[in-house]
Amino acid sequence: MSWLKSNSLSSSFGKLKSSSPPKECDPSACYESFKKHWQQTNEIIEKTEPTKNPPRTDDILGVVNHLDHLVTLLCIEMRSTHESNPCLEFLLSENLLDKLFFWSTRTGRYGNALKLEQIRLYETLVSHSHAQLLIHESFHRPLQALLASCVSQLFPVEVEKRLVVLLNQLCICLVQHSQLLTLFFQEAKDGQQAGFTIFSLLMHYVHRDGALGQQARDALLLCMVLSKTNQPVAEFIAHQSTVCPVLATGLSGLYSALPRKLSVAVEDWHRFTPDDVNEIPELVAFMNNLEFCNAVVQVAHPAIRSQLLEYLYQGFLVPVMGPALLQETGMTEGYGFPSPLQLLQSLYIQLTGSVPQSTEEELTAATAYFDLFIRSLTEPGLLHSFICFTLRKTYDGQRIIDSLVQRIKATSRLCLVTLALLETLVDLNCEDVMLELVLRHLVPCSHVMLSQRSRVRHVDPYCRSADKLLSMAPNIPRLEVSESSLYGDYQAYLHDARSKIVSCTAATSVWTYPYDGENPPHSGLPTRPMELPVTADGEADHSLPSADDGSSGYESFALKGGGSGRGSECESPCSSGGAESEGDVNRNYSPTKTSTRPAPLPPQPCATMSSILPLQLVSPFLDVLLGKLEGMLTHDLYTNLRLTGLISRLAIYPQPLLHSLLLDHSLVFQPSIRSLFQVLGSLKQRIEAALAAETRGLEGVIREAQNYLLEREDRLVNVRRHALEAPCSLPPTIQSSPDPFDRGDSKRRSFSMALSSVFRRNGTSPAKDTRNITNTQSYRYLRQGSQTQTRQVVMCAVLLDEWLKELAAISQEHTILKVL
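Please read these numbers as outputs of a predicted model, since none were measured by experiment. (Residues numbered from 1 in each chain as written. Predicted model: local features only at pLDDT ≥ 70, side-chain atom pairs only at ≥ 80, totals over all residues. Heavy atoms only, no water.)

Quick word on the overall build of the chain
Within the chain one finds 32 helices and six strands. Within the chain, buried positions represent 55% of all 820 residues. Only carbon and sulfur atoms are counted for the fraction: they give 52% of the accessible area of the chain, which is about 34,600 Å². (Helix = DSSP H or I, 4+ residues; strand = E, 2+ residues; numbered from the N terminus. Buried < 20%, exposed > 50% of the residue type's maximum accessible area, 1.4 Å probe, protein only. Areas by Shrake-Rupley, 256 points an atom, 1.4 Å probe, with all protein chains shown as cover.)

See the structure below:
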């Protein structure tokens with residue numbers, strides 16, 4: 001190791017390698033030169049012995065120099081068009097590689113240097129021969145011995161880089177020529193365990209950063225591909241190797257290194273952007289390994305997939321992610337007694353009803369991390385684990401999803417990131433998510449009058465609800481905008497609404513039930529495919545069943561358009577087998593009943609988690625959202641943008657139970673149930689009353705607010721240009737197509753960029769830094785009154801005016817699509 005680090009010897013080493021033979025030579029001349037270099041190498045090998053005459057530095061440099069010539073001559077010969085390869089035949093027939101390896105093992109402190117040269121030799125020959133040499137015993141035998149000698153050894157970086165490149169090339173050869181696998185994989189027999197040296201070596205570098213780690217992970221993925229068609233390899237990786245626990249504990253370790261608090265300078269920041277990730281090296285490392293886990297679950301044998309999902313659930317989500325998302329609970333089950341700090345935090349929460357600022361900042365970071373993780377996942381099995389964890393796992397009797405819903409009531413950035421996470425979950429088009437958040441509470445139809453139940457599926461061909469929504473806009477001066485603008489253009493809202501409804505309808509077409517007020521029946525809640533049985537202590541039983549009991553608990557979580565046959569089902573994290581998810585990966589996941597399984601039945605009493613929860617007249621999630629919306633006048637612009645965006649996304653769903661609840665103004669609800677129309681009517685009255693009491697400069701303030709929305713639209717429309725100017729390395733699922741109706745700038749700006757004032761002057765370029773805007777009289781007035789109620793009311797009026805156009809367009813397009 002020290003020999004490689006010697007500057008003088010390293011420079012001599014480089015000089016010797018620079019005198020390589022020419023690229024093109026006469027075959028006979030190449031052969032003679034090859035034999036001469038090997039003869040000189042052999043003389044050095046024979047004259048040096050470990051005890052009597054140990055090799056000196058000059059001997060090592062001489063061997064390295066000759067090896068460099070030998071490799072070059074072999075490459076020239078393999079590139080030539082001649083049928084005979086005398087140099088290669090001489091190499092194999094004389095067992096030159098065996099002699100070189102055994103001599104290198106007796107060179108003491110020069111062993112690593114010679115390992116590097118041998119690895120470089122094999123790397124060059126394998127890359128040029130395209131696996132043709134691997135079939136020769138005199139080639140693969142010393143190669144296997146060399147690799148075996150590298151197990152559990154620590155090497156300098158130079159050796160590691162060459163070794164990983166060689167292992168990567170060998171994995172490529174094995175995938176292309178699967179018959180060669182028997183040379184490097186030893187099956188279990190005669191009481192001996194199986195062995196896969198290549199895989200074991202690669203495991204040392206799975207969590208490395210940079211090109212070294214990436215090449216190792218790529219090679220490991222190729223091994224996973226091999227496992228899909230080779231049962232012994234699959235059994236070795238799943239049950240004898242440490243890859244599954246290493247990946248799970250690796251994620252836990254990488255998560256613990258993430259910043260617990262985020263330094264956010266942008267006022268409207270609510271989720272991680274690609275730029276954000278690139279600014280945090282620890283987060284880049286975590287995302288690289290999460291992507292790798294995602295890829296492993298996607299391509300590996302079901303046995304490996306099942307093991308990895310189980311370890312990720314029990315080794316990362318439950319012990320690490322859960323406590324991070326529920327820090328205000330004071331203590332979590334299974335982790336001993338609370339610390340003094342936890343006891344103080346718990347006492348503070350009980351006395352004040354809120355969490356300490358430091359804890360809230362940590363919750364904000366953890367929630368934003370979790371949102372990023374879910375958005376980056378593309379494999380149904382891994383996404384299923386995250387959703388199961390969110391909907392089912394309890395800590396001190398509290399579920400993650402219940403805590404998230406209640407945090408919507410927060411008045412800080414924690415509310416913003418929570419709304420963003422919930423919107424991410426709603427965007428999945430997953431039946432289990434929507435069933436938990438909304439639909440299971442609406443199935444009994446107890447939120448409407450008994451005489452109104454038959455009207456849940458009612459279609460109004462005259463779009464009266466759309467007219468009603470438009471009529472609820474506050475009476476404010478209208479800004480005339482150019483025809484090229486999208487905001488204020490009702491036709492643009494219609495086009496956007498239709499595109500989203502069509503996409504959502506296609507994604508939910510494979511759901512188990514239509515949720516139309518009659519199916520499932522009012523008398524009982526549907527069985528959820530992701531439902532877990534309950535143990536004696538009331539905790540969900542995670543033992544996400546055997547493969548032969550006819551139910552994996554996972555059969556209805558399928559790819560969009562995957563159908564109901566085999567191939568669309570996915571594997572439960574805790575089961576021992578399952579179907580494979582083939583074809584294109586799509587992030588619109590939704591449950592579907594299988595062709596071989598009857599429709600789910602209503603659950604038996606106390607049989608599931610849902611049956612022991614009290615039935616609500618309306619969804620607690622919707623109740624919190626509408627309650628938050630009622631306080632719209634007291635929220636900042638960014639909270640209102642996220643809130644209205646989440647409600648609009650819910651309104652996109654075509655299921656009649658949800659559509660009628662949000663967008664049917666003629667449906668009569670129970671007296672205790674507040675509707676979206678009631679909340680909007682109340683907001684309209686309060687806004688108009690507040691604006692009527694304000695006279696000075698009101699019209700100018702409204703125009704400033706409307707101009708801000710126009711400038712903001714321009715930023716969002718040009719998001720693609722900004723993305724091209726600052727490329728990033730996140731997966732494509734995060735870099736989604738720009739949406740001019742998106743309510744956040746998260747695709748463009750990172751949390752370290754300064755935010756300009758909400759109200760900009762006309763003509764200010766949104767791409768420039770606006771922190772030094774000249775203070776005109778109008779702008780000074782706005783700055784001085786930026787914290788007043790007038791500012792809040794004006795911005796709410798402008799935002800509500802635009803949002804009602806969006807809701808009306810959604811309602812109208814629902815009607816048109818149903819009529820058609």
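Observations concerning the pattern of salt bridges
Per the stated rule, a full pass over the model turns up 27 salt bridges. Taking the shortest distance from any N to any O, the salt bridge between D427 and R649 comes out at 2.5 Å. If you follow the salt bridges from partner to partner, you end up with R392, R399, D402, E436 and R440 in one network. (Salt bridge = Lys/Arg side-chain N within 4 Å of Asp/Glu carboxyl O.)

Some thoughts on the packing of helix α19 (residues 380–392) against helix α22 (residues 431–442)
One can describe the packing of α19 onto α22 by two numbers: an axis separation of 11 Å at closest approach and a directional angle of 10 degrees. One finds that α19 runs roughly parallel with respect to α22. Crossing handedness for the pair α19 and α22: left-handed. Taken together, the residues of α22 that come into contact with α19 (itself represented by I387, L391 and R392) are D432, V433 and E436. (Axes fitted to C-alpha atoms, helices over the stretch in contact; angles between N-to-C directions. Parallel < 35°, antiparallel > 145°, perpendicular 65-115°, else oblique. Left-handed = near helix turned anticlockwise from the far one by under 90°. Contact = heavy atoms within 4.5 Å.)

Side note on the side chain of E77
Along the chain, the position of E77 falls in helix α3 (residues 57–79). Buried charge E77 goes without a salt bridge, the closest partner of opposite sign being K35 at 11 Å. Within the structure, E77 has its side chain in polar contact with the backbone nitrogen of C87 (distance 2.8 Å). At 3.0 Å, the side chain of E77 forms a polar contact with the backbone nitrogen of L88. (Lys, Arg positive; Asp, Glu negative; His and termini not counted. Polar contact = N/O pair within 3.5 Å; in protein donor to acceptor, adjacent residues only side chain to side chain.)

So, the packing of helix α8 (residues 157–176) against helix α11 (residues 210–227)
Their axes nearest at 9 Å, the elements α8 and α11 cross at an angle of 25 degrees. With respect to each other, α8 and α11 are oriented roughly parallel. Relative to α11, α8 is oriented so that their crossing is left-handed. Residue-level contacts link E160, K161, V164, V165, L167, N168, C171, I172, L174 and V175 of α8 to L212, Q215, A216, D218, A219, L222, C223 and L226 of α11. Tallied by class, the residues present in the contact of α8 with α11 amount to 13 nonpolar, two polar and three charged. (Nonpolar A, V, L, I, M, F, W, Y, C, P; charged D, E, K, R; others polar.)

Looking at the nonpolar core
Residues F196, Y255 and F373 are the most contacted members of the largest nonpolar core, which totals 228 residues. With 14 residues, helix α32 (residues 789–819) is the single largest residue contributor to this core. Excluding anything up to four places from it in sequence, F373 contacts Y255, L258, L283, F286, M287, L290, F316, M321 and F386. (Core = buried A, V, L, I, M, F, W, Y, C linked by side-chain atoms within 4.5 Å.)

Focus: the side chain of T508
By the element assignment, T508 lies in helix α24 (residues 490–508). Once residues lying within four places of it in the same chain are set aside, the contact partners of T508 are N429, Y653, P654 and Q655.

Considerations on helix α28 (residues 676–692)
Compared with the 24 Å implied by 1.5 Å per residue over 17 residues, the 24 Å span of α28 between its first and last C-alpha is a close match. Buried within α28 we find L676, F677, V679, L680, G681, L683, I687 and L691. (Expected span 1.5 Å × (residues − 1).)

Some remarks on the packing of aromatic side chains
Applying the stated criterion to the full structure yields 24 aromatic pairs. Judged by centre distance (6.1 Å) and plane angle (70 degrees), the ring pair of Y255 and F316 falls under edge-to-face. Of this pair, Y255 sits in helix α13 (residues 243–256) while F316 is found in helix α16 (residues 302–325), placing the two residues 61 residues apart along the sequence. With respect to burial, Y255 and F316 carry one shared label: buried. Ring geometry for Y313 and F389: centres 6.5 Å apart, planes at 85 degrees, overall edge-to-face. (Phe/Tyr/Trp six-rings, centres within 6.5 Å; stacked < 30°, edge-to-face > 60°.)

Things to note about unusual backbone geometry
Cis peptide bonds are those with omega within 30 degrees of zero, and the linkage from N519 to P520 qualifies with 5 degrees. Its location among the elements puts P520 in the loop between α24 and β5 (558–559). Here the phi dihedral of D396 falls at roughly 55 degrees; this positive angle occurs in a residue that is not glycine. If you trace the backbone, D396 turns up in the loop between β3 (394–395) and β4 (398–399).

Things to note about the confidence of the model for the chain
Close inspection of predicted coordinates is inappropriate for parts of the model with low pLDDT. Taken residue by residue, the chain gives an average pLDDT of 76. The fraction at 70 or more is 71%. Of all helices and strands in the chain, the one with the weakest mean pLDDT is β5 (32), whereas helix α21 (residues 413–426) scores best (95). Confidence drops under a pLDDT of 50 for residues 527–543, and excluding neighbours within four residues, the segment shows 52 contacts in the predicted structure. The low-confidence segment residues 752–787, where pLDDT is below 50, has 60 contacts with residues more than four positions distant or belonging to other chains. (pLDDT = per-residue confidence, 0-100.)

Some remarks on helix α5 (residues 96–104)
Taken across its nine residues, α5 has seven buried, putting it largely inside the fold. Every buried residue belonging to α5 is among L96, L97, D98, L100, F101, W103 and S104, and all of these are buried.

A few points about the environment of N294
Counting through the fold element by element, N294 comes out in helix α15 (residues 281–299). For N294, a relative accessible area of 7% translates into the label buried. Expressed as a C-alpha distance, the spacing of N294 and E379, which sit 85 residues apart in the sequence, is 5.9 Å. With residues up to four places along the chain from it excluded, the contact list for N294 reads L377, T378, E379 and L382. A distance of 2.9 Å separates a polar side-chain atom of N294 from the backbone nitrogen of E379.

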